[in-house]
Amino acid sequence: EAGVTQSPTHLIKTRGQQATLRCSPISGHTSVYWYQQALGLGLQFLLWYDEGEERNRGNFPPRFSGRQFPNYSSELNVNALELEDSALYLCASSFLSGTVSEQYFGPGTRLTVT
Amino acid sequence: AQSVSQHNHHVILSEAASLELGCNYSYGGTVNLFWYVQYPGQHLQLLLKYFSGDPLVKGIKGFEAEFIKSKFSFNLRKPSVQWSDTAEYFCAVWANQAGTALIFGKGTTLSVSS
């Protein structure tokens, strides 16, 4: 069974540009979660999509947004990039919609903003 | 807001030493608890989880954790560590209320010397 996949592996952008990160969940999983793992800050919850709807978002500005497609894959968009957006962005998926279950993580996209 | 505290930022042990990593959370209601591990260069993966029942849970690779509700704690233990346990360990909490996602601690780096 294929795990959670993310693309691209690495992304280098300039301050002020936009970045788009993609995630494909495990087959059968309907929930997708996005986390930011910045140095020294651990994993911080960004967004949760479930059945195509945004269910919750963490304490991040509106320039962090995303969507979930009908096939449950997801996209994270970061507009007006700032230097402090440089981090590893992790996507996770889970099976049960609306209830707690294990989250399975992808390898992440390393975003570098120069 | 819910939060998760991991008391140890970096733990250094020799092989065969016993391990205990602390995790405390701040939420008075029903919680589900997880420990994740991130080996160097690998994805985050689930070590163990507590949903209900026996507060002593066993996970993969000889790890176990004890949920002590009165202390809001979920400490991770292993009687005898191996060099291959060198990794970063994250405690995470899901608070059972609508719209909540996993809240992670900042992680503990474990270095095991052979």
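One can find the structure itself at the top, above this paragraph.
Okay, so let's go over this structure. On a predicted model such as this, the values are computed, not experimentally measured, just so you know. (Residues numbered from 1 in each chain as written. Chains lettered and ligands numbered in written order. Predicted model: local features only at pLDDT ≥ 70, side-chain atom pairs only at ≥ 80, totals over all residues. Heavy atoms only, no water.)

### Thoughts on the overall build of chain A
Then step 1. Within chain A, the secondary structure is distributed over 0 helices and 11 strands.
Then step 2. Traced from its N-terminal end to its C-terminal end, chain A shows the element sequence β-β-β-β-β-β-β-β-β-β-β.
Then step 3. Here the C-alpha atoms of chain A give a radius of gyration of 13 Å, agreeing with the 13 Å that 2.2 N^0.38 yields for 114 residues.
Then step 4. Taken along the three principal axes of its C-alpha coordinates, chain A extends 40 × 30 × 25 Å.
Then step 5. Within chain A, the fraction of its 114 residues that count as buried is 50%.
Then step 6. Considering only residue pairs separated by 6 or more positions, chain A has 54% of its internal contacts joining residues 24 or more positions apart.
Then step 7. Total accessible area on chain A is roughly 5300 Å²; 50% of this is exposed by carbon and sulfur atoms.
Then step 8. Charge-centre separation for chain A: the mean point of 8 positive side chains lies 10 Å from the mean point of 10 negative side chains. (Helix = DSSP H or I, 4+ residues; strand = E, 2+ residues; numbered from the N terminus. Rg over C-alpha atoms; globule rule 2.2 N^0.38 Å. Buried < 20%, exposed > 50% of the residue type's maximum accessible area, 1.4 Å probe, protein only. Contact = heavy atoms within 4.5 Å. Areas by Shrake-Rupley, 256 points an atom, 1.4 Å probe, with all protein chains shown as cover. Lys, Arg positive; Asp, Glu negative; His and termini not counted. Charge placed at Lys NZ, Arg CZ, Asp CG, Glu CD.)

### Some points on the state of the cysteines
Residue and element names in this part refer to chain A.
Then step 1. Applying the stated criterion to the full structure yields 2 disulfides over all chains.
Then step 2. Here Cys23 engages in a disulfide with Cys91; their sulfurs sit 1.8 Å apart. An S-S torsion of about -65 degrees defines the bridge between Cys23 and Cys91 as left-handed. Taken together, the residues Cys23 in strand β3 (residues 19-24) and Cys91 in strand β9 (residues 87-94) connect sequence positions 68 residues apart.
Then step 3. Taking relative accessible area as the criterion, Cys23 reaches 2% and is therefore assigned buried. (Disulfide = S-S within 2.5 Å.)

### A look at the sheet that holds β3(A)
Residue and element names in this part refer to chain A.
Then step 1. Spatial ordering of the open sheet is given by β1-β3-β8-β7, a layout of 4 strands whose pairing is antiparallel. Every other strand in the sheet has two partners, leaving β1 (5-7) and β7 (64-68) as the edge strands with one partner each. The average undirected angle you get between the axes of adjacent strands in this sheet is 20 degrees.
Then step 2. Sheet topology note: the β3/strand β8 (residues 74-78) ladder contains 5 bridges and is antiparallel. Its bridge partner being in β8, Cys23 is matched across the sheet by Ser74. (Pairing = 2+ DSSP bridges. Axes fitted to C-alpha atoms, helices over the stretch in contact; angles between N-to-C directions.)

### Let's talk about the interface of chain A and chain B
Then step 1. At the junction of the two partners, chain A supplies 19 residues and chain B supplies 18 residues.
Then step 2. Its salt-bridge partner being A:Glu102, residue B:Lys49 comes within 2.3 Å of it at the nearest N-O pair.
Then step 3. Summed over the shared surface of chain A and chain B, the number is 4 residue pairs in polar contact (both at pLDDT 80 or more).
Then step 4. Those elements that provide at least two residues to the side of chain A that touches chain B are β4 (31-38), β5 (42-50) and β6 (53-57) of chain A.
Then step 5. Considering each element in turn, the side of chain A that touches chain B owes the most residues, 4 residues, to β5(A).
Then step 6. Residues belonging to the side of chain A that touches chain B are distributed by class as follows: 10 nonpolar, 7 polar and 2 charged. (Salt bridge = Lys/Arg side-chain N within 4 Å of Asp/Glu carboxyl O. Polar contact = N/O pair within 3.5 Å; in protein donor to acceptor, adjacent residues only side chain to side chain. Nonpolar A, V, L, I, M, F, W, Y, C, P; charged D, E, K, R; others polar.)

### A few points about the pairing of strand β6 (residues 44-50) of chain B
Residue and element names in this part refer to chain B.
Then step 1. Of the pairings in the sheet, the one linking strand β5 (residues 31-38) to β6 comprises 6 bridges and is antiparallel in character. Of the residues in β6, the one forming a bridge with Leu33 is Tyr50.
Then step 2. Hairpin connection between β5 and β6: a loop of 5 residues separates the two successive antiparallel strands, and Gly41 in this loop has a positive phi of roughly 75 degrees.

### Examining the pattern of salt bridges
Residues and elements named next belong to chain B.
Then step 1. As enumerated under the stated definition, the model contains 10 salt bridges over all chains in all.
Then step 2. Where Arg77 meets Glu66, a salt bridge forms, and the shortest distance between an N and an O atom there is 3.2 Å. Of this pair, Arg77 sits in strand β9 (residues 73-78) while Glu66 is found in strand β8 (residues 64-68), placing the two residues 11 residues apart along the sequence.
Then step 3. Of the residues examined, Glu66 reaches a relative accessible area of 29% and is grouped as partly exposed.
Then step 4. Residues participating in the shared-partner salt-bridge network are Lys58, Glu64, Glu66 and Arg77.

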